[in-house]
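A look at the structure
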Amino acid sequence: MTEIKIFCPATIANLNCGFDVLGLCLEGIGDEMIIRKVAEKGIRITKITGADLPLETEKNVAGVAALALLKATQSDFGFEIEIHKKIKAGSGIGSSSASAAGAVFGINELLGRPFTRHELVEFAMKGEVVASGSEHADNVAPCLLGGFTLVRGYNPLDVIRMESPSEIYAVVLHPHIEVKTSDSRAVLSPTIALKDAITQWGNLGGLIAGLYSKDYGLIGRSLQDVIIEPLRKKLILNFDQVKNSAHDAGALGAGISGAGPSIFALCKGQNSAEEVAFAMSNSYLDTGIPFDIHVSRVNAEGVRIK
Ligand code: HSE
């Protein structure tokens, strides 16, 4: 095999109570990449469609992640990467992570899988630095592993692929405005109050317990964010209205997807998710900003060969 076409799914990071540690993988929304094994050593980005991104390997998220992987192997050949972006940059659903994860997944396949999907997270994370200025794995982990993931620790990296009930659906409202992750991180406070930390880690434990025990009530009660959301929501027009409409329509919970501006909701079952999507769309309409709305099952597989 010398060429591979892959599907790189979008992801929702943070999930309210798990800033920089929780994420889930979406179905249906994602980029396409073609990776080719070539005689010339190194990594070259040969084509990008759907986005205005740098072709220079060292400035491109996929290129940097691919270089990190290549450095860890003794490869006598190189790789060309074509990126066909469908996930808009700065959308809050893991656009840069999809490219980083896709690059390392594809190259690993062409090398005969020297690394596990878990091991690839570390390489993909290097690409994330280019996009956001910080190494976080809460988008690349679910993109590579599928399902819900937890980054238990960063030093050393310890990523857990979690159990979750099969009936969970995600709704994502994506306003067509760009919020740079670095800008969205700049509004955060470096310190937090102990009482907020207690609320947040109580919810984080509750959400994980709810996912494992399939307790939808517990999942819903735990989908709260008292630390990040109050600071970031001012970047998102009509955020409170959209969130409240999701709750009123029966969502388990709702919040900011990743660094925003997308707003997500989790629901029990597809019918509920469709109703929530309708309600969220209605409450965003008066902003006048164009948007997409997606209803997606949790993608258990993650990045895959197309
Ligand atoms: N956890 C990250 C953030 C995800 O919220 O800034 C965005 O890449």
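Residues numbered from 1 in each chain as written. Predicted model: local features only at pLDDT ≥ 70, side-chain atom pairs only at ≥ 80, totals over all residues. Heavy atoms only, no water.

Attention shifts here to the overall build of the chain. A tally of regular secondary structure across the chain gives 10 helices and 11 strands. For the chain, whose C-alpha radius of gyration is 19 Å, the value lies close to the compact-globule estimate of 19 Å for 306 residues. With respect to the three principal axes, the spread of C-alpha positions in the chain is 60 × 40 × 35 Å. Nonlocal contacts in the chain, meaning residues at least 24 apart in sequence, comprise 73% of its contacts between residues at least 6 apart. Summed over its atoms, the accessible surface of the chain is roughly 12,600 Å², and 53% of this surface lies on carbon and sulfur atoms. (Helix = DSSP H or I, 4+ residues; strand = E, 2+ residues; numbered from the N terminus. Rg over C-alpha atoms; globule rule 2.2 N^0.38 Å. Contact = heavy atoms within 4.5 Å. Areas by Shrake-Rupley, 256 points an atom, 1.4 Å probe, with all protein chains shown as cover.)

Reading across from one edge, 8-9-7-10 is the order of the 4 strands in this open sheet, with antiparallel pairing throughout. The sheet terminates laterally at strand 8 (253-256) and strand 10 (291-297), the two strands that pair on one side only. Going across the sheet, the axis of each strand differs from the next one's by a mean of 20 degrees, ignoring polarity. The strands touched by helix 9 (residues 239-248) within the sheet are strand 8 and strand 9 (263-268), with strand 8 carrying the most contacts at an inclination of about 160 degrees. (Pairing = 2+ DSSP bridges. Axes fitted to C-alpha atoms, helices over the stretch in contact; angles between N-to-C directions.)

As a structural note, the neighbourhood of the ligand is formed by Ala13, Asn14, Phe19, Asp20, His136, Asp138, Asn139, Thr181, Arg185, Arg232, Gly258 and Ala259. The side chain of Asn14 places a nitrogen or oxygen atom 2.8 Å from an oxygen atom of the ligand. Summarising the interface, the protein chains cover 96% of the accessible area of the ligand, which totals 260 Å² for the free molecule. Residues of the shell around the ligand, tallied by class, amount to 3 nonpolar, 5 polar and 4 charged. Two domains each put at least three residues into the shell around the ligand: domain 1 (3-162 + 301-305) and domain 2 (168-297). (Near = heavy atom within 4 Å. Polar contact = N/O pair within 3.5 Å; in protein donor to acceptor, adjacent residues only side chain to side chain. Nonpolar A, V, L, I, M, F, W, Y, C, P; charged D, E, K, R; others polar. Domains from an automatic or database assignment.)

Let us now look at the nonpolar core. Of all hydrophobic cores here, the largest spans 70 residues; its most connected members are Leu22, Leu26, Ile81, Leu144 and Phe148. It is helix 2 (residues 95-110) that provides the largest number of residues to this core, a total of 8 residues. Each of domain 1 (3-162 + 301-305) and domain 2 (168-297) contributes no fewer than three residues to this core. When sequence neighbours within four positions are dropped, the list of residues in contact with Leu144 reads Ala101, Val104, Phe105, Arg117, Leu120, Val121, Ala124, Glu301 and Val303. (Core = buried A, V, L, I, M, F, W, Y, C linked by side-chain atoms within 4.5 Å. Buried < 20%, exposed > 50% of the residue type's maximum accessible area, 1.4 Å probe, protein only.)

Counted according to the given criterion, the structure contains 15 salt bridges. For Glu32, the salt bridge is made with Lys5, and the minimal N-O distance between the two is 3.9 Å. A residue pair is termed long-range when its members are at least 10 positions apart, and Glu32 in strand 2 (residues 22-38) and Lys5 in strand 1 (residues 3-13) qualify at 27 residues. Residue classification places Glu32 among the buried residues on the basis of a relative accessible area of 14%. Note on Lys5: relative accessible area 38%, which makes it partly exposed. A salt bridge links Glu109 to Arg113; the nearest nitrogen and oxygen atoms lie 2.9 Å apart. One salt-bridge network, held together by shared partners, links Glu3, Arg36, Glu80 and Glu82. (Salt bridge = Lys/Arg side-chain N within 4 Å of Asp/Glu carboxyl O.)

Attention now moves to the domain arrangement of the chain. By domain assignment, the chain separates into domain 1 (3-162 + 301-305) and domain 2 (168-297). Distance from the C-alpha centre of domain 1 to the C-alpha centre of domain 2: 24 Å. Contacts between the two partners involve 31 residues from domain 1 and, on the opposite side, 39 residues from domain 2. If you sort the residues of domain 1 by the area they bury against domain 2, Asn16, Cys17 and Phe19 come out on top, with a joint share of 27%. In this structure, the connection of domain 1 to domain 2 is made through 1 salt bridge. With its nearest N and O atoms 2.7 Å apart, the salt bridge here joins Asp20 to Arg185. Counting the contacts that link domain 1 with domain 2 gives 12 residue pairs in polar contact (both at pLDDT 80 or more). Of all the secondary structure elements, the ones that give two or more residues to the side of domain 1 that touches domain 2 are strand 1, strand 2, strand 5 (148-154) and strand 6 (157-162). (Buried area = accessible area lost by both parts, 1.4 Å probe.)

The end-to-end C-alpha distance of helix 3 (residues 117-132) is 22 Å, a good match for the 22 Å that 16 residues give at a rise of 1.5 Å each. The largest bend in helix 3 is about 25 degrees, located at Phe123. Against the buried residues of helix 3 lie helix 1 (61-71), helix 2, helix 4 (140-145), strand 5, strand 6 and helix 5 (181-186). Immediately beyond the C-terminal end of helix 3, within one or two residues, lies Gly133, with a positive phi of roughly 80 degrees. (Expected span 1.5 Å × (residues − 1). Bend = angle between axes of the 7 residues up to and from the residue.)

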